[in-house]
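Observations on the model geometry
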Amino acid sequence: MSQEDLSRQAYWRAHLRLLAICLAIWFFVSFGLGILLAAPLNAFSIGGYPLGFWFAQQGAIYTFIVLIFVYAWRMNVLDRKFNVHEE
Amino acid sequence: MDQQTLSLLVVGATFALYIGIAIWARAGSTSEFYVAGRGVNPIANGMATAADWMSAASFISMAGLIAFLGFTGGAYLMGWTGGYVLMALLLAPYLRKFGKFTVPEFIGDRFYSKVARVVAVISLLAMSITYVIGQMRGVGIAFSNILEVPLAIGLLSGMAVVFIYAVLGGMKGITYTQIAQYVIMIFAYTVPAVFISLTLTGQVFPQIGLGSTLQGQDTYLLDALDQTMVDLGFTMYTATEGGMSMLNMFLLTLALMIGTAGLPHVIIRFFTVPRVRDARKSAGWALVFIGILYTTAPAVGAMAIWNLVNTVHPGEIGTEEGHLAYEDKPAWMERWEQTGLLAFEDKNEDGRIQYYNEDNEEFAAMAEEEYGWEGSEIVTLDRDIMVLANPEIAGLPGWVIALVAAGGIAAALSTAAGLLLAISSAISHDLLKGVFMPRISEQGELLAGRIAMACAILFAGYLGLNPPGFAAEVVALAFGLAAASLFPTLMMGIFMKKMNKEGAIAGMLVGLVTTLLYIFTYKGWFFFSGTAMLPDTEEYWLFGVNPTGFGAIGAVFNFVAAYIVMKLTKEPPQHIQELVENVRVPRTDNPS
């Protein structure tokens, strides 16, 4: 297996690790905090929002936006590290 | 100037703008026609994606759905935004790297099979046509509001405008028009929301207003709303019970998320940016622009139901002056009665209107005994009118009402144009050019696309007149189909190097067929009313699964069927495996 193939494999593994972390956060915030845990979370509140309700109708969306930009930034770093970035 | 003239002027001005842009940015080549020449700035593409994807359902129906669902309405909010995370992480960059014109083209090349490409086209058509129905209904409602004509005439005028519009612009024209439509749409959505939030809570941002106290009181808006709903026999607005079951909320959210990520007309938007890294970033920008509307919508929904209930019940419930007298009802109610989307019936003949949850037997019995109520007297209340009537309910000036109508039409038109482009490119580029008539001329390809577009508009228009449900729910079905057929196949095409054509075709067919069967069983064959096999209610659903959320299960069937068939058949040829290696990295020095 050539040097380039090995580097490609390492790049793909690092990429999959990043994906796993991002998707875990994606799942936890929406399905976890916004749906499955919403009933107990509603006992707490931020301002006039019950917390579970806030995650389902506001918080999850803010998290998604931040998540995509963080992913794009980490991927650019990864692309450069493995020298597969575009000009 | 009366309201109707003002509304017509505002809408007419926006139409002139769209057509002007479409003429100015006409496509000169097939690359410009299908992917805008791949020269679109990622932020501009994000804005166009937001307009392309935020439909009449998002603009007109969603806040109304949330208003009546309360907490569980979050399924629509999270489902339609969370899909962008999947799109940015799992699809868009790799498909941009692949660098072709359409989604079925990727599937056909990746799975080295014309059959796979045709199956992908069928899935694309099934979902895009379903999705267009929702737009048609949205256009019809917006028009019937402005012109104060019956729904059918509104719908026909909408169809005419969509037709002119879709034929004028290729992807290049559509992209720049969508940017203008986004600006109009977001302005039209947020201005009334800000006004209403200021009136009710004194907060400029509706996102903050919804979590604030009522103007001049110590009570939080949501607490007061919870109390009012309970007083009328409904469940608490913010409580997790009521609305849909937790299982269905989970499945619907998941189906909408993976469906969003698998929508071909949105995916092709990421073919228009110059580089792979732009595709990742552009998805983020798209979600920022979408998020502005989606974080406002819950406030719009909650405040709309609050205003409605307080208009009908201005005082203490059960007392005489606690209920609006029919002859005192505001002008907006009268206008909406004429469209047939709102109707009253004075059941207990007291000359006043009572609105409550008559399905809550305990409460209804108590109300009859104590208050002399004989049924809820708002007998028709189409949820789709909540956003359009909102500025009138809140007593906002005429230009705001005109703006909201223009925004609703912009939302429906921008999405319809994107969908019609996806439909016509699937027929002209994938079916005719790719499979049946490889030697067709460029002009022949375009003509075929336009004829396909016209047929799709007529078919969707008919179903828009006889809709199977509210606009947002019809669209939710399209998402189910996208989730069950295209998304799993695209994802396996990128992440499973050994996935072969047999597996992909089997997976797509199983996902598509199971989802369609399940939906048609409850909604009628091809959505024609009266042909449903079982009533569309919870007790008849298989394991209590709502048809609108079945796409998530269809997607699992797709994955499982593809995996089993792949294990039983031979692995894909070497050059395909190299192709997969290639789409996984942004830059390859030795392209194969």
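What you see is a predicted model, and the numbers here were worked out from it, not measured in a lab.

1. A word on the overall build of chain B
The secondary structure content of chain B amounts to 23 helices and 2 strands. Computed over the C-alpha atoms, the radius of gyration of chain B is 24 Å, within 12% of the 25 Å expected from 2.2 N^0.38 for a compact globule of 592 residues. By principal-axis analysis of the C-alpha atoms, chain B measures approximately 80 × 55 × 45 Å. In chain B, which comprises 592 residues, the proportion classed as buried is 57%.

2. Some remarks on the overall build of chain A
Helix and strand content of chain A: 3 helices and 2 strands. Mapped from its N terminus to its C terminus, chain A presents α and β elements in the order α-α-β-β-α. On C-alpha atoms alone, chain A measures out to a radius of gyration of 18 Å, which is more than a quarter above the 12 Å that the 2.2 N^0.38 rule sets for 87 residues. Oriented by its inertia axes, the alpha-carbon framework of chain A measures out at about 60 × 25 × 15 Å. Scored against the burial criterion, the 87 residues of chain A give a buried share of 33%. Considering only residue pairs separated by 6 or more positions, chain A has 45% of its internal contacts joining residues 24 or more positions apart.

3. Notes on the nonpolar core
Within the largest apolar cluster, 199 residues are counted, with the highest numbers of intra-cluster contacts made by A:Phe64, A:Ile68, B:Met185, B:Ile258, B:Ala302 and B:Ala406. Beyond its immediate chain neighbours, meaning those up to four positions away, A:Phe64 contacts A:Trp26, B:Thr81, B:Gly82, B:Tyr84, B:Val85 and B:Leu287.

4. Structural notes on the interface of chain A and chain B
In this complex, chain A contributes 39 residues to the contact, which on the side of chain B involves 42 residues. Mapped by element, the contributors of at least two residues to the side of chain A that touches chain B are helix 1 (3-36), helix 2 (38-41), strand 2 (49-50) and helix 3 (51-81) of chain A. The element best represented in the side of chain A that touches chain B is helix 3 of chain A, accounting for 17 residues. In terms of residue class, the side of chain A that touches chain B is made up of 26 nonpolar, 10 polar and 3 charged.

5. Structural notes on the environment of B:Arg269
Residues and elements named next belong to chain B. Note that Arg269 resides in the loop between helix 13 (264-267) and helix 14 (276-312). Separated by 229 residues in sequence, Arg269 and Val40 have C-alpha atoms that sit 9.5 Å apart. In this structure Arg269 touches Asn45, Ala48, Thr49 and Asp52, once residues within four positions along its chain are discounted.

6. Side note on helix 3 of chain A
Roughly 50° is the biggest bend found in helix 3 of chain A, and it falls at A:Gln58. The positive-phi residue at the C-terminal boundary of helix 3 of chain A is A:Asn83, with phi of around 55°.

7. Observations concerning the packing of helix 1 (residues 3-24) of chain B against helix 9 (residues 171-201) of chain B
All names here are of chain B. The interhelical angle for the contact between helix 1 and helix 9, taken along N-to-C directions, is 155°, at an axis separation of 8 Å. Taken together, the axis directions place helix 1 and helix 9 in an arrangement best described as roughly antiparallel. The interaxial crossing formed by helix 1 with helix 9 has right-handed handedness. Of the residues in helix 9, those in contact with Thr14, Leu17, Tyr18, Ile21 and Ala22 of helix 1 are Gly173, Tyr176, Thr177, Ala180, Gln181 and Ile184. Its residues placed into classes, the contact of helix 1 with helix 9 shows 7 nonpolar, 4 polar and no charged.

8. What to know about the environment of B:Met47
Residues and elements named next belong to chain B. With respect to the helices and strands, the residue Met47 is situated in helix 3 (residues 42-53). Look at Met47 and you get buried, because 26 C-beta atoms sit within 10 Å. In this structure, the C-alpha to C-alpha distance between Met47 and Gln207, residues 160 residues apart in sequence, is 21 Å.

9. Structural notes on unusual backbone geometry
All names here are of chain B. At Tyr112, a position not held by glycine, the phi torsion is positive, near 35°. Within the element layout of this structure, Tyr112 appears in the loop between helix 6 (103-110) and helix 7 (114-147). Residue classification places Tyr112 among the partly exposed positions, given that 16 C-beta atoms sit within 10 Å. Positive phi, normally seen in glycine, also occurs at Glu349, with a value near 50°.

10. Quick look at the confidence of the model for chain B
Detail in the predicted coordinates should be disregarded across regions flagged by low pLDDT. All names here are of chain B. Here chain B averages 83 in pLDDT, and 92% of its residues register 70 or above. Across chain B, the element-wise mean pLDDT spans from 68 in helix 2 (residues 30-35) up to 94 in helix 22 (residues 551-568). Across the interface, the model reports ipTM at 0.94; the global pTM reads 0.89.

11. Digging into helix 1 of chain B
The α-helix winds at 3.6 residues per turn, so residues separated by three or four positions along the chain end up facing the same way. Residues and elements named next belong to chain B. With 22 residues, helix 1 should reach 32 Å at 1.5 Å per residue; the first-to-last C-alpha distance of 32 Å fits that figure. Burial in helix 1 covers these residues: Ser7, Val10, Val11, Thr14, Tyr18, Ile21 and Ala22. Relative to the axis of helix 1, the buried residues are bounded by an arc of 110° and lie together on one face. In helix 1, those exposed residues whose orientation departs by more than 90 degrees from the buried face are Thr5, Gly12, Ala13, Ala16, Gly20, Ile23 and Trp24.

12. Some words on the environment of B:Leu254
Residue and element names in this part refer to chain B. Inspection of the secondary structure assignment puts Leu254 in helix 12 (residues 246-261). Given 26 C-beta atoms within a 10 Å radius, Leu254 is considered buried. The sequence separation of Leu254 and Tyr76 amounts to 178 residues, and the corresponding C-alpha distance is 10.0 Å.

13. Some points on the packing of helix 21 (residues 501-523) of chain B against helix 22 of chain B
Residue and element names in this part refer to chain B. Contact geometry of helix 21 with helix 22 gives a least axis separation of 7 Å together with a crossing angle of 155°. It follows that helix 21 is roughly antiparallel to helix 22 by the angle criterion. Our pair here, helix 21 against helix 22, has a crossing hand that is right-handed. Of helix 22, the residues touching helix 21 (which contributes Glu502, Gly503, Ala504, Ala506, Gly507, Met508, Val510, Gly511, Thr514 and Thr515) are Gly551, Gly554, Ala555, Phe557, Asn558, Phe559, Ala561, Ala562, Tyr563, Val565 and Met566. A class-by-class count of the residues in the contact of helix 21 with helix 22 yields 12 nonpolar, 8 polar and 1 charged.

Parameters and conventions
- Residues numbered from 1 in each chain as written.
- Chains lettered and ligands numbered in written order.
- Predicted model: local features only at pLDDT ≥ 70, side-chain atom pairs only at ≥ 80, totals over all residues.
- Helix = DSSP H or I, 4+ residues; strand = E, 2+ residues; numbered from the N terminus.
- Rg over C-alpha atoms; globule rule 2.2 N^0.38 Å.
- Buried ≥ 20, exposed ≤ 12 C-beta atoms within 10 Å, placed from the backbone.
- Contact = placed C-beta atoms within 7 Å.
- Core = buried A, V, L, I, M, F, W, Y, C linked by C-beta atoms within 7 Å.
- Nonpolar A, V, L, I, M, F, W, Y, C, P; charged D, E, K, R; others polar.
- Bend = angle between axes of the 7 residues up to and from the residue.
- Axes fitted to C-alpha atoms, helices over the stretch in contact; angles between N-to-C directions.
- Parallel < 35°, antiparallel > 145°, perpendicular 65-115°, else oblique.
- Left-handed = near helix turned anticlockwise from the far one by under 90°.
- pLDDT = per-residue confidence, 0-100.
- Expected span 1.5 Å × (residues − 1).
- Arc of directions from axis to C-beta.

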